[in-house]
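A structural walkthrough
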Amino acid sequence: MIRDLLPANFVQLVQPRVSQPRRLLGNLSAMETVCATSIPAETEDEFEIVHQEEQPEVDSETELPETPTDVNIPAHRSWVPTIFTYVSKESYMFAGHNITIYESTDHFGAVIWPGAVALCNFLENNWKEFDLKDKNVLELGAGTGLVSVVACLLGAYVTATDLSCTIGNLQSNLMRNTRNRSKHQPQVKELAWNVDLDKNFPHSDVHYDYILAADVVYHHDYLDELLVTFDYFCQRGCVILWANKLRFKSDYEFLEKFKLMFDTFVLVEDTNSEIIIIKGIRKSNNKP
């Protein structure tokens, strides 16, 4: 028969290739990947022949043992997906104190922006000209609270304000960095620009010596509301200290509107970082 004339290993050569299941090696984390060993194309057929020759022949009529279904996998071999969270924190030295600020990633206001660091440096280096000791200070868009922390350590009565989504982290950073360090305990209040200002901050109850703001102008839809809020709080004798990195055309347009409403003085203009620090006071012909 033709079968008798063929080489002894011919049947093995023409057997269909059977993929062998791969085992997961070790206790892998969610970020690790198992890579199979690559076999050059020119040696692949040879590898398959040798691989098959090593496998014992099994009679097709022989009943294979059943695969157990209740096998216990050792704990160190089992893989359980795990989700890790990472909270960033930044450390600074201002007003003679180490300051640790925790950030978040769920909101623009929950991270430290360059204008805040620039304003802190300015307040520390120009404390004689802009003496915050025992002054009433309001920060708009306080975010992580870095600027408010520094103002508080420089002796101010600080009211830090922002939206409700940032209040928790803001208050935590303020308390952690000012407790047993500052002369006055800071306050944290929710404030949405140009929303219920008369109700929540009546002029009869509040008057601020300084309004601080850092990187509150960027590509958002509430620039007009911010300008109205500046106007509401900046009464006669109040000084606005506003630091911002100018990024968009809308930032420069806001600056021009700001100049129309307030007497404006550029205190710092860094061409490398594109950060400006501006002093604003109410124009003499505006209402008190």
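Description of the structure in this document. Quantities reported herein were computed from a predicted structural model and do not represent experimental measurements. (Residues numbered from 1 in each chain as written. Predicted model: local features only at pLDDT ≥ 70, side-chain atom pairs only at ≥ 80, totals over all residues. Heavy atoms only, no water.)

**Concerning the overall build of the chain**
- The helix and strand tally for the chain stands at nine helices and nine strands.
- Burial statistics for the chain: of 288 residues in total, 35% are counted as buried.
- Contacts in the chain between residues at least 24 apart in sequence constitute 67% of all its contacts with a sequence separation of at least 6.
- About 18,900 Å² of surface is accessible on the chain, with carbon and sulfur atoms providing 52% of the total. (Helix = DSSP H or I, 4+ residues; strand = E, 2+ residues; numbered from the N terminus. Buried < 20%, exposed > 50% of the residue type's maximum accessible area, 1.4 Å probe, protein only. Contact = heavy atoms within 4.5 Å. Areas by Shrake-Rupley, 256 points an atom, 1.4 Å probe, with all protein chains shown as cover.)

**Observations regarding the sheet that holds strand β8 (residues 262-270)**
- A sheet is described by the order of its strands in space; here seven strands give the open sequence β5-β4-β3-β6-β7-β9-β8, paired in mixed fashion. Each of the sheet's edge strands pairs with one partner strand only, and the pair in question is β5 (187-190) and β8. Within this sheet the neighbouring strands show an average axis-to-axis angle of 20°, counted without direction.
- One ladder, built from four bridges, connects strand β4 (residues 157-162) with β5; its direction is parallel. By the bridge assignment, Thr161 is partnered in β5 with Lys189. (Pairing = 2+ DSSP bridges. Axes fitted to C-alpha atoms, helices over the stretch in contact; angles between N-to-C directions.)

**Observations concerning the side chain of Asp215**
- Here Asp215 lies in the loop between β6 (210-214) and α8 (223-233).
- With relative accessibility at 6%, the residue Asp215 sits in the buried group.
- In this structure Asp215 touches Trp113, Pro114, Gly115, Ala116, Ala243, Asn244, Lys245 and Arg247, once residues within four positions along its chain are discounted.

**Section: the state of the cysteines**
- Under the defined criterion, the tally for this structure stands at zero disulfides.
- With no disulfide partner, Cys238 has as its closest neighbouring cysteine sulfur the one in Cys234, 4.3 Å distant. (Disulfide = S-S within 2.5 Å.)

**Let's talk about the packing of aromatic side chains**
- Within this structure, the stated rule accounts for nine aromatic pairs.
- Ring centres 5.4 Å apart and planes at 80° place the aromatic pair Phe201 and Phe233 in the edge-to-face group. Here the residue Phe201 occupies a position in the loop between α7 (197-200) and β6, and Phe233 occupies one in helix α8, the gap between them amounting to 32 residues. This pair shows no difference in class: Phe201 is buried, exactly as Phe233 is.
- A ring pair is formed by Tyr232 and Phe233, whose centres lie 5.1 Å apart and whose planes are at 85°; its orientation type is edge-to-face.
- Take Tyr232: its relative accessible area is 11%, and that puts it in the buried class.
- Ring-pair connections join several aromatic residues into one group, and the members of that group are Phe230, Trp242, Phe254, Phe258 and Phe262.
- For Lys279, the ring lying beneath its charged end belongs to Phe265, and the centroid distance is 5.5 Å. (Phe/Tyr/Trp six-rings, centres within 6.5 Å; stacked < 30°, edge-to-face > 60°. Lys NZ or Arg CZ within 6 Å of the ring centre and 35° of its normal.)

**A short note on the packing of helix α4 (residues 114-125) against helix α5 (residues 146-153)**
- Where α4 contacts α5, the axes come no closer than 9 Å and their chain directions differ by 10°. Between α4 and α5, the angle falls in the class roughly parallel. Here Ala116, Val117, Leu119, Cys120 and Leu123 of α4 come into contact with α5, specifically with Leu146, Val147 and Val150.
- Residue composition of the contact of α4 with α5, grouped by class: eight nonpolar, no polar and no charged. (Parallel < 35°, antiparallel > 145°, perpendicular 65-115°, else oblique. Nonpolar A, V, L, I, M, F, W, Y, C, P; charged D, E, K, R; others polar.)

**Re the environment of Phe233**
- Relative accessible area serves as the criterion here: at 1%, Phe233 is assigned to the buried category.
- If we skip the residues at most four places from it in the chain, Phe233 touches Leu138, Leu140, Leu191, Leu197, Phe201, Tyr208, Ile211 and Cys238.

**Details of α4**
- Here α4 contains twelve residues, and its C-alpha end-to-end distance of 17 Å stays within 8% of the 16 Å for a straight helix at 1.5 Å per residue.
- Of the positions making up α4, those classed as buried are Gly115, Ala116, Ala118, Leu119, Cys120, Phe122 and Leu123.
- Looking at the buried positions of α4, the neighbouring elements they touch are β1 (89-94), α5, β6, β7 (239-245), β8 and β9 (275-282). (Expected span 1.5 Å × (residues − 1).)

**Thoughts on the pattern of salt bridges**
- In this structure the tally under the stated criterion is six salt bridges.
- Here Glu256 and Lys259 are joined by a salt bridge, their closest N and O atoms 3.7 Å apart. One end of the pair is Glu256 and the other is Lys259, both in helix α9 (residues 249-261) and three residues apart, which spans about a single turn.
- For Lys283, the salt bridge is made with Asp263, and the minimal N-O distance between the two is 3.3 Å. Here the residue Lys283 occupies a position in the segment after β9, and Asp263 occupies one in strand β8, the gap between them amounting to 20 residues. (Salt bridge = Lys/Arg side-chain N within 4 Å of Asp/Glu carboxyl O.)

**Notes on α5**
- Along α5, eight of the eight residues are buried, which leaves the element largely enclosed by surrounding structure.
- For α5, the complete set of buried residues consists of Leu146, Val147, Ser148, Val149, Val150, Ala151, Cys152 and Leu153.
- Directly after α5, the chain includes Gly155, whose backbone phi takes a positive value near 105°.

Everything listed is a geometric property; what it means functionally is a separate question.
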